[in-house]
Amino acid sequence: MVPTSYFIILSAILFVLGAFAFFVKRDLITQFLCIEVMLSAANLAFIAFAKSASSLDGQIIVIFIITVAAAEAAVGLAIILLVYRQKKTIKSEDMNLMKG
Amino acid sequence: MNSLNAMFPLLTLIVGALLVLILEVSIKRENKTYLAFISIIFLMICGFFCVQSWGKDFSYFNNHLYLDNFALFFSIVLIITTILVTLISMKYLSLQNTNVGEYYALLLLALSGMLIMVSSSDLIVIFLGLEVLSMSSYTLAGLKRDDQKSSEAALKYFLLGSFASAFLVYGLALLYGVSNSTSIAVIIDHFKTESSLSFMAFAGLGLVIVGFGFKIAVVPFHMWTPDVYQGAPTPITAFFSIGPKAVGFAVLVRLLYPFWHVAYDSEVIFSLLWIISALTMIIGNLIALRQTNIKRMLAYSSIAHAGYLMVAILSQDTSSLMFYFVVYLFMNIGAFAAVIALGKKDKEYLELDDYAGIGFKYPWIGATFAVFLFSLAGFPPTGGFLAKFYVFSAAVREGLVSLVIIGVLASLVSVYYYLRIIVYMYMREPTHEVDINLENPALFLVLFLCLYGVLQLGIFPGNILLIIKQAVSSIAFL
């Protein structure tokens, strides 16, 4: 059997990659997907921990998180669409109406 | 006591929100204000249930929902906030051409998320409550659909908010891995049995604190605050400056107070929060100095206030934290109500220059606004003075003298930008014509209530302190 630590390391790498890409990327949709990657990393960690402790809690929590991510996607894409309609761009450096 | 009563406040809010959504379809655009009255009725019923369960410790869902007095106190504070926000929104929405019924439903749903957060001590349930709150908040921020700034605010709030949620969830995953549970009490118990905290436990706790740091807008997690506060509809800004902050701090109280008693290793987290608190007070107040937009200035001022509240968290004095919130509620909503009062059809006056001469042209609005600003700056005899006094004196008792010195100096700086508005209102000649719509009884009611609250809390705070004492003595760390 694959040891739990492998999964945790993988999930940590995924999480850091997601967070890193969130700052580097300049496209709203990509940034949004980075957040989804980070949530998936958390899901992976939850499942790995649940498996190693053979408790069901972790797996149920994952279902909650997936639900939340889906709802977030609905709201988020609607907001991005709204911004696109007004500005005709989804580059994050163009979101600069307010400063200071 | 396990009882369905614990569900009543939440159920009331959700039924109210759904009813408003259903009615919104069949009501004409110019009559949408009726929905505000419906939602106020439901808020009052919800508040009634909260008051009724005071001291009875109702719980449900295997203690995942636990209405101790601490939770009820914050619930009532948040319900009052929502009622006041609903009242100041009524005229504003039709003036600003955003008269949509979803507005009130979303406010109720956001409130229900906050009630879930304050009345649970399981981190996953708290996370779900937080998401209910956040999802409604993102939408509320962008509700002025024709206004580019509002959409941009919604976008920034959404991106950084869900980024912060991802941190929170990953932190929860690590804490779950360490202790096999997401209940705060079990996690803390687990910390007590270990001789030192593992790296994973530290990382988990750190990420959770970062996640909540975004929500309560402390430096260095405050970048979204000014933009979102400036772009969102003004009543919603008032709501954001109180609601999410109050629940964030309530959760931090539940999470960190037992943690301070885990003797070893907690110093690292403590000194980290010390630095955050000092930075928040300094940076919040300094950047506020050079703002000319009132909403943006109040945003930085609310960041600075989060710093003062952080001092209360560090000195483990829950009662001063709760008193601060009650005062903060009245003075901040009051200030935003005064800002909203200066508006007419499709126009808001938000720049500092617009306030020149307001004090003489509209003496009542000017005078009440001045009182709220004095209170925010912390002058006696207003509530703001007592609130700051309690927080700082509790911190001195706990030996956080250097933090208190930073705090007092920072609030001296804040006097400059609060008084600058008053100087503009009373000592500058108006540069251009400012005429406002005065037919707004609900708004003036709110101004009066907030004025009463600020003065009552500043002069006779006895009753509320008694209630806070009852609430603090019953915090359940389940």
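What counts and how
Residues numbered from 1 in each chain as written. Chains lettered and ligands numbered in written order. Predicted model: local features only at pLDDT ≥ 70, side-chain atom pairs only at ≥ 80, totals over all residues. Helix = DSSP H or I, 4+ residues; strand = E, 2+ residues; numbered from the N terminus. Rg over C-alpha atoms; globule rule 2.2 N^0.38 Å. Buried ≥ 20, exposed ≤ 12 C-beta atoms within 10 Å, placed from the backbone. Contact = placed C-beta atoms within 7 Å. Expected span 1.5 Å × (residues − 1). Nonpolar A, V, L, I, M, F, W, Y, C, P; charged D, E, K, R; others polar. Axes fitted to C-alpha atoms, helices over the stretch in contact; angles between N-to-C directions. Parallel < 35°, antiparallel > 145°, perpendicular 65-115°, else oblique. Core = buried A, V, L, I, M, F, W, Y, C linked by C-beta atoms within 7 Å.

Draft legend 1. Examining the overall build of chain B more closely. Secondary structure assignment for chain B yields 19 helices and four strands. Over its C-alpha trace chain B gives a radius of gyration of 21 Å, about what one expects of a compact globule, namely 23 Å for 478 residues. Each principal axis of the C-alpha atoms in chain B carries an extent, and together these give about 70 × 55 × 40 Å. When the 478 residues of chain B are sorted by exposure, 59% land in the buried category. Contacts in chain B between residues far apart in sequence, at least 24 positions, make up 80% of those at least 6 positions apart.

Draft legend 2. Up close: the overall build of chain A. Along its length, chain A carries three helices and zero strands. Going residue by residue from the N terminus, the α and β elements of chain A occur as α-α-α. Against the globule reference of 13 Å for 100 residues, chain A gives a C-alpha radius of gyration of 17 Å, more extended than a compact globule. Seen through its principal axes, chain A has C-alpha atoms that stretch 50 × 25 × 25 Å.

Draft legend 3. Highlighting helix H8 (residues 199-216) of chain B. Residues and elements named next belong to chain B. With 18 residues, H8 should reach 26 Å at 1.5 Å per residue; the first-to-last C-alpha distance of 26 Å fits that figure. Regarding H8, the residues found buried are Ala-201, Gly-204, Leu-205, Leu-207, Val-208, Ile-209, Gly-211, Phe-212, Gly-213, Phe-214, Lys-215 and Ile-216. On its buried face, H8 sits against helix H6 (148-179), helix H7 (184-193), helix H10 (234-260), helix H11 (266-288) and helix H12 (294-314). In the stretch just after H8, Ala-217 is the one whose phi turns positive, near 60 degrees.

Draft legend 4. Region of interest: the interface of chain B and chain A. Across the contact, 32 residues belong to chain B and 31 residues belong to chain A. If you list the elements that add at least two residues to the side of chain B that touches chain A, you get helix H5 (123-141), H6 and helix H9 (224-231) of chain B. Here the side of chain B that touches chain A takes 18 residues from H6 of chain B, the largest share from any one element. Partitioned by chemical class, the residues of the side of chain B that touches chain A number 15 nonpolar, ten polar and seven charged.

Draft legend 5. Molecular detail of helix H18 (residues 441-459) of chain B. Residues and elements named next belong to chain B. With 19 residues, H18 ought to run about 27 Å at 1.5 Å a step, and its terminal C-alpha atoms sit 27 Å apart, in line with that. Among the residues of H18, Ala-442, Leu-443, Val-446, Leu-447, Cys-450, Leu-451, Gly-453, Val-454, Leu-457 and Gly-458 are the ones counted as buried. The inward-facing, buried residues of H18 contact helix H3 (69-95), helix H13 (318-341), helix H15 (363-377), helix H16 (383-397) and helix H19 (462-473).

Draft legend 6. Main features of the environment of Lys-192 of chain B. Residues and elements named next belong to chain B. Residue position: Lys-192 is located in helix H7. Looking at Lys-192, the number of C-beta atoms within 10 Å reads 12, which means it is exposed. C-alpha separation for the pair Lys-192 and Asn-285, spaced 93 residues apart in sequence, amounts to 38 Å.

Draft legend 7. Inspection of the packing of helix H1 (residues 8-26) of chain B against helix H2 (residues 33-52) of chain B at higher detail. All names here are of chain B. Where H1 meets H2, the closest approach of the two axes is 8 Å, and the angle between their N-to-C directions is 170 degrees. Of the possible angle classes, the one that applies to H1 and H2 is roughly antiparallel. Contact residues: H1 offers Phe-8, Pro-9, Thr-12, Leu-13, Gly-16, Leu-19, Val-20, Leu-23 and Glu-24, while H2 offers Leu-35, Ile-38, Ser-39, Phe-42, Ile-45, Cys-46, Phe-49 and Cys-50. In terms of residue class, the contact of H1 with H2 is built from 13 nonpolar, three polar and one charged.

Draft legend 8. Molecular detail of the packing of H15 of chain B against helix H17 (residues 401-427) of chain B. Residue and element names in this part refer to chain B. Close contact between H15 and H17 brings their axes to 9 Å; oriented N to C, the two are set at 170 degrees. Considered as vectors, H15 and H17 are oriented roughly antiparallel to each other. In contact with Gly-366, Ala-370, Leu-373, Leu-376 and Ala-377 of H15, H17 contributes Ser-414, Val-415, Tyr-418, Leu-419, Ile-421, Ile-422 and Met-425. Grouping the constituent residues of the contact of H15 with H17 by class yields ten nonpolar, two polar and no charged.

Draft legend 9. Highlighting the nonpolar core. Ala-42 of chain A together with Ile-88, Tyr-170, Tyr-324 and Ala-337 of chain B are the most contacted members of the largest nonpolar core, which totals 212 residues. If we skip the residues at most four places from it in the chain, Ala-337 of chain B touches Ile-88, Leu-443, Val-446, Leu-447 and Cys-450 of chain B.

Draft legend 10. Representation of unusual backbone geometry. Cis geometry is found at the peptide bond from Val-219 of chain B to Pro-220 of chain B, where omega equals 5 degrees. Tracing the backbone shows Pro-220 of chain B in the loop between H8 and H9. Located in the positive-phi region is Lys-88 of chain A, a residue other than glycine, with phi close to 60 degrees. Along the chain, Lys-88 of chain A turns up in the segment after helix H3 (57-87). C-beta crowding within 10 Å serves as the criterion here: with 8 such atoms nearby, Lys-88 of chain A is assigned to the exposed category. The backbone phi angle of Asp-57 of chain B is positive, close to 50 degrees, even though this residue is not glycine. Relative to the elements of secondary structure, Asp-57 of chain B occurs in the loop between H2 and strand S1 (58-60).

Draft legend 11. Expanded view of the environment of Phe-37 of chain B. All names here are of chain B. Among the structural elements, Phe-37 can be located in helix H2. Take Phe-37: there are 13 C-beta atoms within 10 Å of it, and that puts it in the partly exposed class. Taking the C-alpha atoms as reference, Phe-37 lies 9.8 Å from Ile-83; in sequence the two are 46 residues apart.

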